[in-house]
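What the coordinates show
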Amino acid sequence: TQLLEQSPQFLSIQEGENLTVYCNSSSVFSSLQWYRQEPGEGPVLLVTVVTGGEVKKLKRLTFQFGDARKDSSLHITAAQPGDTGLYLCAGGGASGSRLTFGEGTQLTVNP
Amino acid sequence: NAGVMQNPRHLVRRRGQEARLRCSPMKGHSHVYWYRQLPEEGLKFMVYLQKENIIDESGMPKERFSAEFPKEGPSILRIQQVVRGDSAAYFCASSSEYYNEQFFGPGTRLTVL
């Protein structure tokens, strides 16, 4: 059974601070996706990483896929209250396979 | 630019009734996935379908739950004789046949009284 562990589970910070969320597994994934979910809504895809060591930037968000494709991190620079939400990592296999989700990191950015 | 559509958004059923959840994938997507999110828990895979075929149903309970994706029309997740433990948010996602990027719908929140 593939498992993904996210840490921290909860994170409360002040506006302007930086933060990093981690996603770790003992399994290798073909791809890893990060989602953000608002209350009462479905997860929204932020990024997909597929190559070991890959780094992708999306404005103030930086995503990294570990060299062995077993772990990933999400770094947010100068967090804003609008970044508040549940961040989920999900590991996938080849095309057309299930995603295995981490438990999520609930981020709160206080003004 | 229609994304994944799910309806209804909210569904209330009494114990023993049937619940039918519908999902229309994004345009051009032929793969549909259903996930369940229980209160205070993460998203768990239930079933993966392509048109007229169930590819992987290993995450779906053997009894009372069924899913289909007919040649025409939306994918349907059906729960018979619902129990209180079925109360959850059910999400549908879709992907193309080439990439395993899954895009999610807004979910159906099922409440069993």
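Notes on the structure follow. (Residues numbered from 1 in each chain as written. Chains lettered and ligands numbered in written order. Predicted model: local features only at pLDDT ≥ 70, side-chain atom pairs only at ≥ 80, totals over all residues. Heavy atoms only, no water.)

1. Side note on the pattern of salt bridges
- Scanning the model with the defined rule gives nine salt bridges over all chains in all.
- Glu38 of chain A is paired through a salt bridge with Arg36 of chain A; the nearest N and O atoms lie 2.5 Å apart.
- The partner of Arg60 of chain A in a salt bridge is Asp83 of chain A, and the shortest N-O contact between them spans 2.9 Å. Here Arg60 of chain A is found in the loop between β6 (55–58) and β7 (61–65), whereas its partner Asp83 of chain A is found in the loop between β8 (71–76) and β9 (85–92), with 23 residues between them in sequence.
- Classification of Arg60 of chain A as partly exposed rests on a relative accessible area of 23%.
- One salt-bridge network, in which partners are shared between bridges, spans Glu18, Arg20 and Arg78 of chain B. (Salt bridge = Lys/Arg side-chain N within 4 Å of Asp/Glu carboxyl O. Helix = DSSP H or I, 4+ residues; strand = E, 2+ residues; numbered from the N terminus. Buried < 20%, exposed > 50% of the residue type's maximum accessible area, 1.4 Å probe, protein only.)

2. So, the layout of surface pockets
- The volume enclosed by the largest pocket comes to roughly 580 Å³.
- Around the largest pocket sit 23 residues that line it, and Leu86 of chain A together with Gln37, Leu38, Glu40 and Glu41 of chain B are the ones nearest its centre.
- At three residues, β9 of chain A tops the list of elements feeding residues into the lining of the largest pocket.
- Counted by class, the lining of the largest pocket contains eight nonpolar, nine polar and six charged residues.
- Considering only enclosed or pocket space, the second largest pocket measures out at about 220 Å³ in volume.
- Tallied by class, residues from the lining of the second largest pocket come to six nonpolar, three polar and four charged. (1 Å grid on protein atoms, 1.4 Å probe; cavity = no way out; pocket = protein on both sides within 12 Å on 5 of 7 lines; lining within 4 Å. Points joined across faces, edges and corners; volume = space filled by probe spheres on them. Nonpolar A, V, L, I, M, F, W, Y, C, P; charged D, E, K, R; others polar.)

3. Describing the side chain of Ser75 of chain B
Residues and elements named next belong to chain B.
- Residue position: Ser75 is located in strand β8 (residues 75–79).
- A distance of 3.1 Å separates the side chain of Ser75 from the side chain of Trp34, its partner in a polar contact.
- In terms of polar contacts, Ser75 uses its side chain to reach the backbone carbonyl oxygen of Glu68, at 3.0 Å. (Polar contact = N/O pair within 3.5 Å; in protein donor to acceptor, adjacent residues only side chain to side chain.)

4. Quick look at the interface of chain B and chain A
- Facing 27 residues of chain B, the contacting portion of chain A comprises 21 residues.
- Surface buried jointly by chain B and chain A totals about 1700 Å² across both partners, of which 47% is contributed by carbon and sulfur atoms.
- When the buried area of chain B at its contact with chain A is split by residue, Leu43, Asn100 and Phe104 of chain B rank highest and sum to 32% of it.
- On inspection of chain B and its partner chain A, the count reaches three salt bridges.
- A salt bridge links Glu103 of chain A to Lys44 of chain B; the shortest N-O distance between them is 3.6 Å.
- Our count for the chain B to chain A interface comes out at 11 residue pairs in polar contact (both at pLDDT 80 or more).
- Put simply, the parts of the chain that give the side of chain B that touches chain A at least two residues each are β4 (31–37), β5 (43–50) and β10 (103–104) of chain B.
- Of the residues belonging to the side of chain B that touches chain A, the class tally is 11 nonpolar, nine polar and seven charged. (Contact = heavy atoms within 4.5 Å. Buried area = accessible area lost by both parts, 1.4 Å probe.)

5. What about the sheet that holds strand β3 (residues 19–24) of chain A?
Residues and elements named next belong to chain A.
- Here we have five strands laid out as an open sheet, ordered β1-β3-β8-β7-β6, and antiparallel in their pairing. Two strands bound the open sheet, and with one partner strand each, they are β1 (5–7) and β6. When the angles between neighbouring strand axes are averaged without regard to direction, this sheet yields 15 degrees. (Pairing = 2+ DSSP bridges. Axes fitted to C-alpha atoms, helices over the stretch in contact; angles between N-to-C directions.)

6. Details of the packing of aromatic side chains
- Under the criterion given, the structure shown has eight aromatic pairs over all chains.
- Aromatic side chains Phe101 of chain A and Phe104 of chain B sit 5.9 Å apart centroid to centroid with 75 degrees between the ring planes, which places their arrangement in the edge-to-face category. Here the residue Phe101 of chain A occupies a position in strand β10 (residues 99–101), and Phe104 of chain B occupies one in strand β10, the pair thus bridging two chains.
- Seen in terms of ring centroids, Tyr35 of chain B and Phe45 of chain B are 5.9 Å apart; in terms of plane orientation they differ by 75 degrees. Their pairing is edge-to-face. A residue pair is termed long-range when its members are at least 10 positions apart, and Tyr35 of chain B in strand β4 and Phe45 of chain B in strand β5 qualify at 10 residues. Phe45 of chain B carries the same exposure label as Tyr35 of chain B, and that label is buried.
- Among the aromatic residues, those joined into a ring-pair cluster are Tyr35 and Phe101 of chain A together with Tyr35, Phe45 and Phe104 of chain B. (Phe/Tyr/Trp six-rings, centres within 6.5 Å; stacked < 30°, edge-to-face > 60°.)

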